[in-house]
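Structural description and commentary
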Amino acid sequence: GRGAEGRREVEPRLRRGGGTMPREYKLFGSLCACLYLELLGGGVYAFSVYSVYLKEHFGLTQGQVQLIGTSGNLGAWLLLPAGCFFDKFGPRPGIGFGALLVFTGYMILWGAMTGILVPSLPVLCLGAFTAQHGCSYWDGTAVPMASRNFAGDRGLVVGLLKGFFGISSSVLTVVYQSFFRPSISSFILSLALVLPAGALVTMLGAHVTEKNPSELMLSAQEKARVATLGYGLLAALVVFVSTGSLYQRERGSRAVGVALLGLLAGFLALLFPLAMPRWIVDMFTGAAVRVDREEEGGEEG
């Protein structure tokens, strides 16, 4: 029947990967690593949370605040070193180096805010640049790693990653509102410690396959899992952080923050070979058949 056809479609791919569970954990473990790296890399957007504090605490002009923000943006946009680092050393060294930079940058900002370092405009610019440049190593690792491991489904996977990166600013806002407001210095210290620690944990799933790109095509069941769980949870995350931020506009709620962390942990469900609704699987099966027919027609022509 139709179920047997689905099993015949998936089983050859599982055998090539060396068994069902090892393949699932290794392949989708790398996807989870990429997703969380993109979320952590969204630390580049944290400046919007503490920029007003910098202006008021240090008596800066709006132009000086903009200069600090521009310094951070330059660090985030300077992706060439991250790409070269990935090509030469692979994903894990880049993740580790990014963690070191992020830790250093946010510790500089925290030190200036607490008086441990002598606060000055160059010091604040240096901290912002270093922290956000470190985040660029995570983005510069996640995208090529996903593109390589999911070469046959690059659009589906990278689209999910970019959605995660885009929502990260709202996630950070809700985290600040829930756990740290009004203490900006505590929030900055948490970014210095938690973001690098989280990135180091993603090393457990970070790897680049050595298979030929022509072999790297997800089965219809696996595509359905990414579409249903990945994009479904992303949509839920967008709704939650939007409403959560509005709900906490005047007063923070730890319950909202805890619920947010639980929702973020839910993306680990991608690790498991959960059966998706048949009608969703059929959508991807039909798409694959159409592509094959088009390729056959092109060869005949």
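First, a word on what this report is: a plain description of the structure on this page. (Residues numbered from 1 in each chain as written. Predicted model: local features only at pLDDT ≥ 70, side-chain atom pairs only at ≥ 80, totals over all residues. Heavy atoms only, no water.)

**Here we look at the environment of Ala99**
- For Ala99, the position within the fold is in helix H6 (residues 91-114).
- A relative accessible area of 5% means that Ala99 is categorised as buried.
- Through-space distance from the C-alpha of Ala99 to that of Leu195 is 7.4 Å; in sequence the pair is 96 residues apart.
- Those residues in contact with Ala99 that lie beyond four places of it in its chain are Trp138, Pro196 and Leu200. (Helix = DSSP H or I, 4+ residues; strand = E, 2+ residues; numbered from the N terminus. Buried < 20%, exposed > 50% of the residue type's maximum accessible area, 1.4 Å probe, protein only. Contact = heavy atoms within 4.5 Å.)

**Notes on a nonpolar patch on the surface**
- A cluster of nonpolar side chains, namely Tyr25, Phe272 and Leu274, defines an oily patch on the protein surface of about 260 Å² accessible area.
- Relative to the helices and strands, Tyr25 resides in helix H2 (residues 20-41). (Patch = residues over 30% accessible without salt bridge, like charges linked within 9 Å, V, L, I, M, F, W, Y side chains within 5 Å. Areas by Shrake-Rupley, 256 points an atom, 1.4 Å probe, with all protein chains shown as cover. Salt bridge = Lys/Arg side-chain N within 4 Å of Asp/Glu carboxyl O.)

**What about the packing of aromatic side chains?**
- Evaluation of the coordinates by the stated rule reveals twelve aromatic pairs.
- Ring plane angle 55° and centroid distance 5.5 Å describe the contact between Tyr45 and Phe165, whose orientation is recorded as tilted. Here Tyr45, found in the loop between H2 and helix H3 (47-58), pairs with Phe165, found in helix H8 (residues 154-180); they are 120 residues apart in sequence, far enough to count as distant.
- Among the residues examined, Tyr45 registers a relative accessible area of 33% and is labelled partly exposed.
- Here Phe85 and Tyr137 contribute two aromatic rings whose centre-to-centre distance is 5.7 Å and whose plane-to-plane angle is 85°, an arrangement assigned as edge-to-face. Taken as a pair, Phe85 in helix H5 (residues 80-89) and Tyr137 in helix H7 (residues 121-149) lie far apart in primary sequence, 52 residues in all.
- A residue is classified by how much of its surface remains accessible, and Tyr137, at 5% relative accessible area, is buried.
- An aromatic cluster is defined as three or more aromatic residues linked by ring pairs; in this entry it consists of Phe85, Phe89, Phe97 and Tyr137. (Phe/Tyr/Trp six-rings, centres within 6.5 Å; stacked < 30°, edge-to-face > 60°.)

**Here's the deal with the packing of H6 against H7**
- Two elements in contact, H6 and H7, have axes whose closest approach is 7 Å; the angle formed by their N-to-C orientations is 160°. Taken as axis vectors, H6 and H7 run roughly antiparallel relative to one another. In the packing of H6 onto H7, the handedness of the crossing is left-handed.
- Within the contact of H6 with H7, the residues separate by chemical class into 19 nonpolar, nine polar and no charged. (Axes fitted to C-alpha atoms, helices over the stretch in contact; angles between N-to-C directions. Parallel < 35°, antiparallel > 145°, perpendicular 65-115°, else oblique. Left-handed = near helix turned anticlockwise from the far one by under 90°. Nonpolar A, V, L, I, M, F, W, Y, C, P; charged D, E, K, R; others polar.)

**Brief notes about the pattern of salt bridges**
- A full pass over the atoms with the stated rule returns three salt bridges.
- The shortest N-O distance in the salt bridge between Lys162 and Asp139 comes to 3.0 Å. Taken as a pair, Lys162 in helix H8 and Asp139 in helix H7 lie far apart in primary sequence, 23 residues in all.
- Accessibility expressed as a relative area gives 13% for Asp139, which makes it buried.
- With a closest N to O distance of 3.3 Å, Lys223 and Asp153 form a salt bridge. Of the two residues, Lys223 sits in helix H10 (residues 220-247) while Asp153 sits in the loop between H7 and H8, which places them 70 residues apart along the sequence.

**A closer look at the side chain of Ser178**
- Residue position: Ser178 is located in helix H8.
- Ser178 sits in the buried class, given a relative accessible area of 6%.
- Among the polar contacts made by the side chain of Ser178, one reaches the side chain of Gln248 at a distance of 2.9 Å.
- One polar contact links the side chain of Ser178 to the main-chain amide nitrogen of Gly257, over a distance of 3.3 Å.
- In this structure, Ser178 is in contact with Gln248, Ser253, Arg254, Val256 and Gly257, ignoring residues within four places of it in sequence. (Polar contact = N/O pair within 3.5 Å; in protein donor to acceptor, adjacent residues only side chain to side chain.)

**Some details on helix H9 (residues 184-202)**
- With 19 residues, H9 extends 27 Å from end C-alpha to end C-alpha; this agrees with the ideal 27 Å at 1.5 Å per step.
- The principal kink in H9, of about 25°, is found at Leu191.
- For H9, the full list of buried residues reads Ile184, Ser185, Phe187, Ile188, Ser190, Leu191, Ala192, Leu195, Pro196, Ala199 and Thr202. (Expected span 1.5 Å × (residues − 1). Bend = angle between axes of the 7 residues up to and from the residue.)

**Side note on the side chain of Lys223**
- With a relative accessible area of 12%, Lys223 lands in the buried category.
- Among residues more than four places away in sequence, those in contact with Lys223 are Asp153, Leu156, Met217, Leu218 and Phe284.

**Some remarks on the environment of Ile280**
- On the secondary structure map, Ile280 appears in helix H12 (residues 278-300).
- Since its relative accessible area comes to 11%, Ile280 is described here as buried.
- Not counting the four nearest positions on each side in its chain, Ile280 is found in contact with Ala224 and Thr228.

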